[in-house]
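Residue-level structural notes
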Amino acid sequence: MADDTHDSSRRPHETRDGSPEEAALSARLGSLEQRLTHSRESRKLQSDQSGTGSEDGPARASAMALGFRLSSELVAGVAGGALLGWGIDRLLSISPWGLIVFVLLGFIAGVVNVVRSAGVVQKPTMH
């Protein structure tokens, strides 16, 4: 299991820089460098084109606005339920049951609002 780079039985005309294995390895390394450079350039061009697209910016902003709206509706439902439950606990001295029940109800209301806002379910219509 000796490493052949330190082998003293190497022929004198096969130096480290001139061996056929080294030449083949060097050629493969050069080919790999060219492919990597080409791949990096094409990725850079793709990212430049997608980052400056005029129609991509507003779509991304709209998606972020929708995400913030949906998350705030969920948080508002839970926070509203917690606040209402805490108030009922203080008013009726039934701690912690009011808080537990209304946090769960707030969570359910928040999820229903998120599902409606996302457009997964149609809003009920009056006939």
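Residues numbered from 1 in each chain as written. Predicted model: local features only at pLDDT ≥ 70, side-chain atom pairs only at ≥ 80, totals over all residues. Heavy atoms only, no water.

1. Some words on helix H3 (residues 97-118)
- With 22 residues, H3 extends 32 Å from end C-alpha to end C-alpha; this agrees with the ideal 32 Å at 1.5 Å per step.
- Taken as a whole, H3 has its buried residues at Gly98, Gly106, Gly110 and Val114. For H3, the angular spread of the buried residues around the axis is 120°, confining them to a single face. Along H3, the residues that are exposed and aim more than 90 degrees away from the buried face are Trp97, Leu104 and Ile108. (Helix = DSSP H or I, 4+ residues; strand = E, 2+ residues; numbered from the N terminus. Expected span 1.5 Å × (residues − 1). Buried < 20%, exposed > 50% of the residue type's maximum accessible area, 1.4 Å probe, protein only. Arc of directions from axis to C-beta.)

2. Quick look at the side chain of Asp89
- Within the element layout of this structure, Asp89 appears in helix H2 (residues 56-92).
- Contact partners of Asp89, with chain neighbours within four places excluded, come to Ile94, Ser95, Pro96, Trp97, Gly98 and Leu99. (Contact = heavy atoms within 4.5 Å.)

3. Re H2
- Here H2 contains 37 residues, and its C-alpha end-to-end distance of 54 Å stays within 8% of the 54 Å for a straight helix at 1.5 Å per residue.
- Those residues of H2 that are buried are in contact with H3.
- At the C-terminal side of H2, Ser93 shows a positive phi close to 55°.

4. Digging into the packing of H2 against H3
- Two elements in contact, H2 and H3, have axes separated by 7 Å at closest approach and are oriented at 160°. Taken together, the axes of H2 and H3 lie roughly antiparallel to each other. With respect to the hand of their crossing, H2 and H3 are arranged in right-handed fashion.
- Partitioned by chemical class, the residues of the contact of H2 with H3 number 15 nonpolar, eight polar and three charged. (Axes fitted to C-alpha atoms, helices over the stretch in contact; angles between N-to-C directions. Parallel < 35°, antiparallel > 145°, perpendicular 65-115°, else oblique. Left-handed = near helix turned anticlockwise from the far one by under 90°. Nonpolar A, V, L, I, M, F, W, Y, C, P; charged D, E, K, R; others polar.)

5. Notes on the UniProt feature "transmembrane region" (unreviewed entry) in the chain
- According to UniProt, the positions carrying the feature "transmembrane region" (unreviewed entry) are residues 70-88 and 94-115.
- A helix fraction of 100% and a strand fraction of 0% characterise residues 70-88, whose end C-alpha atoms lie 27 Å from each other.
- Regarding residues 94-115, the helix share stands at 86% and the strand share at 0%, and the terminal C-alpha atoms are separated by 32 Å. (UniProt positions renumbered as here; feature names shortened; annotations may be inferred.)

6. Side note on the pattern of salt bridges
- Using the criterion set out here, one finds one salt bridge in the structure.
- Between Arg69 and Glu73 there is a salt bridge; the shortest N-O distance is 3.7 Å. Remark: Glu73 and Arg69 occur in helix H2; sequence separation between them is four residues, near one turn of the helix.
- Arg69 gets classed as partly exposed once you look at its relative accessible area, which sits at 41%. (Salt bridge = Lys/Arg side-chain N within 4 Å of Asp/Glu carboxyl O.)

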